[in-house]
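Now for the letters of each chain:
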Amino acid sequence: MRGIKNPNVDIKICGNDVVVADGKTEYFRKLKSRQTVAIANDIYFAEK
């Protein structure tokens, strides 16, 4: 990733997608599955 930590990042379910975003930037958006939720969690904790 970028190496800059962002405490405002959040994981959301938007329709059938899992989304990792802060107020302005989406870091990850994919169709929800077990694998994409795991990837979203990894990205979330990397940004936190």
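First, a word on scope: everything that follows refers to the structure included in this document. No experiment lies behind these values; they were computed from the predicted model shown.

It is worth spelling out the nonpolar core at this point. One finds Val9, Val18, Val20, Tyr27, Phe28, Ala40, Ile43 and Tyr44 forming the largest nonpolar core, which totals eight residues. At three residues, helix α1 (residues 34–47) tops the list of elements feeding residues into this core.

Let us now look at the environment of Ile13. Mapped onto the secondary structure, Ile13 falls in strand β1 (residues 10–14). It is 8.0 Å that separates the C-alpha atoms of Ile13 and Lys32, two residues lying 19 residues apart in sequence. Setting aside residues no more than four positions away along its own chain, Ile13 makes contact with Val18 and Lys32.

Once that is clear, we can look at the pattern of salt bridges. Under the definition given, this model contains two salt bridges. Note that Arg29 is salt-bridged to Asp17, the shortest N-O span being 3.3 Å. Of this pair, Arg29 sits in strand β3 (residues 26–31) while Asp17 sits in strand β2 (residues 17–21), and the two are twelve residues apart along the sequence. Owing to a relative accessible area of 34%, Arg29 belongs among the partly exposed residues under this scheme.

What counts as what
- Residues numbered from 1 in each chain as written.
- Predicted model: local features only at pLDDT ≥ 70, side-chain atom pairs only at ≥ 80, totals over all residues.
- Heavy atoms only, no water.
- Core = buried A, V, L, I, M, F, W, Y, C linked by side-chain atoms within 4.5 Å.
- Buried < 20%, exposed > 50% of the residue type's maximum accessible area, 1.4 Å probe, protein only.
- Helix = DSSP H or I, 4+ residues; strand = E, 2+ residues; numbered from the N terminus.
- Contact = heavy atoms within 4.5 Å.
- Salt bridge = Lys/Arg side-chain N within 4 Å of Asp/Glu carboxyl O.

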